[in-house]
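Summary of structural features
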Amino acid sequence: MSPAIRTFFASRWVDPPDGVEELDPAQLAPGFRAAGVACGLMGGGGTDVGVLACDEPGARAAIALTRNAAAAAPVRVCRDDCDQNAIRAVAVNSGNANAATGEQGYRDALAMRDAAAEALNVDPRTVAVAETGTIGVPLDIEAVTTGVLEAVEGLSATGADDFAEAIMTTDRGPKRCTLRAGGVTISAQAKGAGMIEPGFATMLCFVQTDAELIDPDAALRSALACSMERITVDGQMSTNDTVLLQATGAAGAPLPEGLLDAVLLQLALEIVADGEGASRVGRVEVIAAADEDEAERVARAIANSPLVKTALFGRDSNWGRIAQAAGMALAGEEIEELGPDRIRAAELASDQPEAELSIRLGRGDARAHVYFSDLTHDYIRINAEYTT
């Protein structure tokens, strides 16, 4: 990739393929339209309902949903009442998660889906639903369905910015991109700042492309595994995590190798960096673990440690906190002493916005990494303001 074009791919840990051209992020991949409107859920007149539609009836899709046992109504609708391989559109709202809202919440999610399907003249099972916001509050379904109809009327090939704003809650800004490479275009919009530790998705993310994808589900799962499945902000799995990939195949060419991975990793890192008061991002790598599960377990224990987060925030290369968190994850195991010869933590004390640290367990050949952020008192303040 040209060194002069680094607007979206800003992280040191993202390696996009060569020849990527950045386009106006308001512009969607060919064959897609979107819009965002205000229906009153967010208060203050903020944009809070969005619709994203694909104009190609033969488009293929894949969706990844939270594994949280308290999954929100829209997640259950997508899981049980959608044709996940042929999603044509998605209706989204922010300001209300429609989670822990009982059977009425499920009916409301279906009503939201059906309103979009009727307005778009498509099969309701090809419309996904996604919601984000406060948990346990009944949805003002009349306002939302009115907003959905208004959004459908305003659908535009350059509506990605409004759509990206419609899905935001505590985000400090929209997360989106539109890129061209290898004769294909890919656009994506995401949101997330808190309640982040995925279990097969990460908050809300929507990806559109005109590329040919033989197996969209396999492509999505593979890209998520090395990106959004490797992040944490607060160690909390959301009730609403949803990632949707849609591909029309109209370009007649495949996605360049590594492009989807790079897009999702950059968006994932933007979510971590936006972590409700976060000021720095860290990457912890666990080396020489007994197996991959152990490596990931230890990496997450370190990444979620309040003491390690404090060290990241305070620029303190306190390697002892890393040893403590790793030992806690391996409680009851027999391990060699985890001293400074096994831990790299110098970048914690640097001025780099992205700090790398690692620990060598000496128990095997497996390794894993997790991206995380520091959390300050802003996390408590922002959540208190958002939920009251």
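What you see is a predicted model, and the numbers here were worked out from it, not measured in a lab. (Residues numbered from 1 in each chain as written. Predicted model: local features only at pLDDT ≥ 70, side-chain atom pairs only at ≥ 80, totals over all residues. Heavy atoms only, no water.)

**Overview of helix α3 (residues 141-153)**
For α3, which comprises 13 residues, the first-to-last C-alpha distance of 18 Å matches the rise-based estimate of 18 Å (1.5 Å per residue) to within 8%. Along α3, the residues classified as buried are Ala143, Val144, Thr145, Gly147, Val148, Ala151 and Val152. Those residues of α3 that are buried are in contact with β2 (32-37), β3 (49-54), β5 (89-96) and α2 (102-120). (Helix = DSSP H or I, 4+ residues; strand = E, 2+ residues; numbered from the N terminus. Expected span 1.5 Å × (residues − 1). Buried < 20%, exposed > 50% of the residue type's maximum accessible area, 1.4 Å probe, protein only. Contact = heavy atoms within 4.5 Å.)

**With respect to the packing of aromatic side chains**
Overall, the coordinates contain three aromatic pairs when judged by the stated rule. Measuring from ring centre to ring centre gives 5.5 Å for Trp13 and Tyr371, while their planes differ by 50 degrees; the resulting arrangement is tilted. With Trp13 in the segment before β1 (21-22) and Tyr371 in strand β14 (residues 366-373), the pair connects residues that are 358 residues apart, well separated along the chain. Of the residues examined, Tyr371 reaches a relative accessible area of 3% and is grouped as buried. (Phe/Tyr/Trp six-rings, centres within 6.5 Å; stacked < 30°, edge-to-face > 60°.)

**Considerations on the packing of helix α7 (residues 292-303) against helix α9 (residues 319-329)**
Axis separation between α7 and α9 bottoms out at 8 Å; the angle between their running directions is 135 degrees. In this view, α7 runs oblique relative to α9, as classed from their interaxial angle. You can see that α7 and α9 cross each other, and the crossing is right-handed. Contacts between α7 and α9 involve Arg297, Val298, Ala301 and Ile302 from the former and Ile322, Ala325, Ala326 and Ala329 from the latter. (Axes fitted to C-alpha atoms, helices over the stretch in contact; angles between N-to-C directions. Parallel < 35°, antiparallel > 145°, perpendicular 65-115°, else oblique. Left-handed = near helix turned anticlockwise from the far one by under 90°.)

**Thoughts on the pattern of salt bridges**
Scanning the model with the defined rule gives 20 salt bridges in all. Taking the shortest distance from any N to any O, the salt bridge between Arg221 and Asp217 comes out at 3.2 Å. Residue Arg221 and its partner Asp217 are located together in helix α5 (residues 216-225), separated by four residues, close to a single helical turn. Here Arg230 and Glu296 are joined by a salt bridge, their closest N and O atoms 3.3 Å apart. Residue Arg230 is found in the loop between α5 and β10 (242-247), and its partner Glu296 is found in helix α7; the two are separated by 66 residues along the sequence. Under the relative-accessibility criterion, Glu296 is labelled partly exposed at 23%. One salt-bridge network, in which partners are shared between bridges, spans Asp171, Arg172, Lys175 and Asp274. (Salt bridge = Lys/Arg side-chain N within 4 Å of Asp/Glu carboxyl O.)

**Structural notes on the side chain of Thr239**
With respect to the helices, strands and loops of the structure, Thr239 is situated in the loop between α5 and β10. By relative accessible area, which is 8% here, Thr239 ends up buried. A polar side-chain atom of Thr239 sits 2.5 Å from a polar atom in the side chain of Asn240. Discounting residues that sit within four places of it in the chain, Thr239 has contacts with Thr66, Asn68, Ala70, Ala71, Ala72, Val75, Ala99, Ile135 and Met195. (Polar contact = N/O pair within 3.5 Å; in protein donor to acceptor, adjacent residues only side chain to side chain.)

**What about the packing of α5 against helix α6 (residues 259-273)?**
It is at 9 Å that the axes of α5 and α6 come closest, and there the two elements cross at 50 degrees. Comparing the axis directions of α5 and α6 gives the class oblique. You can see that α5 and α6 cross each other, and the crossing is right-handed. Contacts from Ala219, Leu220, Ser222, Ala223 and Leu224 in α5 reach Leu260, Asp261 and Leu264 in α6.

**Regarding the sheet that holds strand β12 (residues 343-344)**
If you trace the four strands from one edge of the open sheet to the other, you get β12-β13-β11-β14, paired in mixed fashion. Looking at the sheet topology across the chains shown, the edges are occupied by β12 and β14. Its contacts with the sheet put α6 on β11 (281-289) and β14, and the angle it makes with β14 is roughly 50 degrees. (Pairing = 2+ DSSP bridges.)

**Quick word on the nonpolar core**
Val90, Val92, Leu120, Val148, Phe163 and Phe206 are the most contacted members of the largest nonpolar core, which has 53 residues in total. The contacts of Val148, once residues within four sequence positions are left out, are Val49, Val51, Ala91, Met112, Ala115 and Ala116. One finds Phe9, Cys177, Met203 and Ala253 within the second-largest nonpolar core, a separate group that totals 45 residues. (Core = buried A, V, L, I, M, F, W, Y, C linked by side-chain atoms within 4.5 Å.)

**Regarding the confidence of the model for the chain**
Confidence in the prediction of the chain, expressed as mean pLDDT, is 93, and 95% of residues score 70 or more. Predicted confidence for residues 1-5 stays below pLDDT 50, and this span has ten contacts to residues more than four positions away or in other chains. (pLDDT = per-residue confidence, 0-100.)

**Description of the environment of Ala288**
Structurally, the position occupied by Ala288 is in strand β11. Overall, Ala288 belongs to the buried group, its relative accessible area being 8%. Linking Ala288 and Arg367, residues 79 residues apart in sequence, is a C-alpha distance of 6.0 Å. Excluding anything up to four places from it in sequence, Ala288 contacts Arg360, Leu361, Gly362, Arg363, Gly364, Asp365 and Ala366.

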